[in-house]
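Geometric and topological summary
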Amino acid sequence: MTALTVTDQARFLRVVLALDAVVTGVNGLVYLAAAGPASDLLGPDAGLLRAIGVFLLVYGVAVGLLAGRRAISPAATKAVIALNAVWTLGSVATVVTGVAEFTTIGAVWAIAQAIVVGVFAELQITGLRRLR
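About the criteria used
- Residues numbered from 1 in each chain as written.
- Predicted model: local features only at pLDDT ≥ 70, side-chain atom pairs only at ≥ 80, totals over all residues.
- Heavy atoms only, no water.
- Helix = DSSP H or I, 4+ residues; strand = E, 2+ residues; numbered from the N terminus.
- Rg over C-alpha atoms; globule rule 2.2 N^0.38 Å.
- Buried < 20%, exposed > 50% of the residue type's maximum accessible area, 1.4 Å probe, protein only.
- Contact = heavy atoms within 4.5 Å.
- Areas by Shrake-Rupley, 256 points an atom, 1.4 Å probe, with all protein chains shown as cover.
- Lys, Arg positive; Asp, Glu negative; His and termini not counted.
- Charge placed at Lys NZ, Arg CZ, Asp CG, Glu CD.

1. Concerning the overall build of the chain
- Counting its regular elements, the chain contains five helices and zero strands.
- Taken from N to C terminus, the helices and strands of the chain fall in the order α-α-α-α-α.
- In terms of C-alpha radius of gyration, the chain reaches 16 Å, essentially the compact-globule figure of 14 Å for 132 residues.
- Here the chain holds 132 residues, and the buried ones make up 35% of them.
- Across the chain, the fraction of contacts at a sequence separation of at least 24, relative to all contacts at a separation of at least 6, is 76%.
- Of the roughly 7,300 Å² of accessible surface on the chain, a fraction of 71% belongs to carbon and sulfur atoms.
- The averaged location of the 6 negative side-chain charges in the chain is 19 Å from the averaged location of its 9 positive side-chain charges.

Here it is, written out as structure tokens:
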């Protein structure tokens with residue numbers, strides 16, 4: 001499959017990827033900068049939140065780089081969609097199993113994040129389909 005070029009049809013996908021990158025990166029920065037208070041509010045250990053913060057920050061930068069490329073790789077976009085799907089399902093599973101010991105606010109936050117990430121995945125799928 002060839003890379004997607006900059007066109008009006010690619011603009012939607014580019015914007016969705018960029019929004020995903022910003023939301024993910026900001027979330028990661030908050031987990032890193034405020035792990036202690038976030039732990040108190042959400043439930044999981046501050047060390048776990050810091051690790052998640054590092055992952056989210058790196059992932060957000062990678063998605064941002066993908067969004068900013070002159071040609072968006074369909075394979076890389078599919079990888080982003082797959083990782084977003086895994087995050088969505090993992091978030092729900094973590095709440096359902098109780099493994100992260102969420103507070104009520106933490107469980108609501110995790111489900112809300114799962115919904116947002118799932119919506120990003122669906123919009124990214126839509127963006128790829130528009131290019132065909």
